[in-house]
Amino acid sequence: MVSPAHFGIVNFRFAPSKEAPDATWDQINQEMAREVTATGFAQVYTTQLRGRTVLRLCAINPRTTPEDVLLESTQAAERGRRLAEEKGLQVG
C-alpha cells in the first residue's frame, strides 16, 4: 500500500525487490495494469505517486467483495512476477 484508501480507491505498487531500478518497476506496473484490464474482470489504472508509477483500483460497485479485491490483487501479483522474470529479475 502506498497511500491510505479514500472513496474505495486503493493505490498499490508491485516492486518486491531493490534488484531493479524504479523505472523498471514502473514499466512492470504499467504492463500489469494493461494485462489486468484486458481480462475484463477489473479496470486497473496507473497513476503517479511520489514520483513512481502505482496501480490504482477503484472498487465502487456495491457488489464488490473483499474476496474480489484479494483475487484481483493476487492475480496482479502473479502477472508482476511473470513480467519481472521475463526481464531476468529474481522475485521471491
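The coordinates are above.
This write-up is about the structure you can find in this document. Residue numbers restart at each chain and count upward from 1, following the sequence in its written direction. Under the rules for a predicted model, residues below a pLDDT of 70 receive no local features and side-chain atom pairs below 80 are neither given nor counted, while totals for whole chains, interfaces and linings still include all residues. Working from all heavy atoms in the structure, the side-chain values ignore hydrogens and water.

1. Considering the packing of aromatic side chains
Pairing of aromatic side chains requires ring centres within 6.5 Å, counting the rings of Phe and Tyr and the six-membered ring of Trp. Pairs whose planes differ by under 30 degrees are stacked, by over 60 edge-to-face, and all others tilted. The full count for this structure, using the stated rule, is 1 aromatic pair. Summarising the aromatic geometry, the rings of F14 and W25 are spaced 5.9 Å apart at their centres and angled 80° between planes, so their arrangement reads as edge-to-face. One end of the pair, F14, is in the loop between β1 (9-12) and α1 (22-39); the other, W25, is in helix α1, and 11 residues separate them in sequence. The helix and strand labels rest on DSSP assignments: H or I over at least four residues marks a helix, E over at least two residues marks a strand, and numbering proceeds from the N terminus.

2. Brief notes about the nonpolar core
Buried residues of nine kinds, namely Ala, Val, Leu, Ile, Met, Phe, Trp, Tyr and Cys, make up a nonpolar core once their side-chain atoms join them within 4.5 Å. With a 1.4 Å probe rolled over the protein chains alone, any residue whose accessible area is under 20% of its type maximum counts as buried; one over 50% counts as exposed, and the rest are partly exposed. With 17 residues, the main nonpolar core has W25, I28, M32 and V44 as its most contacted residues. Residue contacts for V44: discarding those within four places in its chain leaves A33, V36, T37, L55, R56 and L57. Whether two residues are in contact is decided by their heavy atoms: any pair within 4.5 Å suffices.

3. Details of the pairing of strand β2 (residues 44-49)
Strand pairing requires that DSSP identify at least two bridges connecting the strands. Bridge analysis of β2 against strand β3 (residues 52-58) gives 6 bridges, and the strand direction is antiparallel. Bridge pairing links L49 to R52 in β3. Connecting the antiparallel pair β2 and β3 is a turn made up of 2 residues, with R50 showing a positive phi of about 55°.

Shape descriptors only; they carry no functional weight alone.
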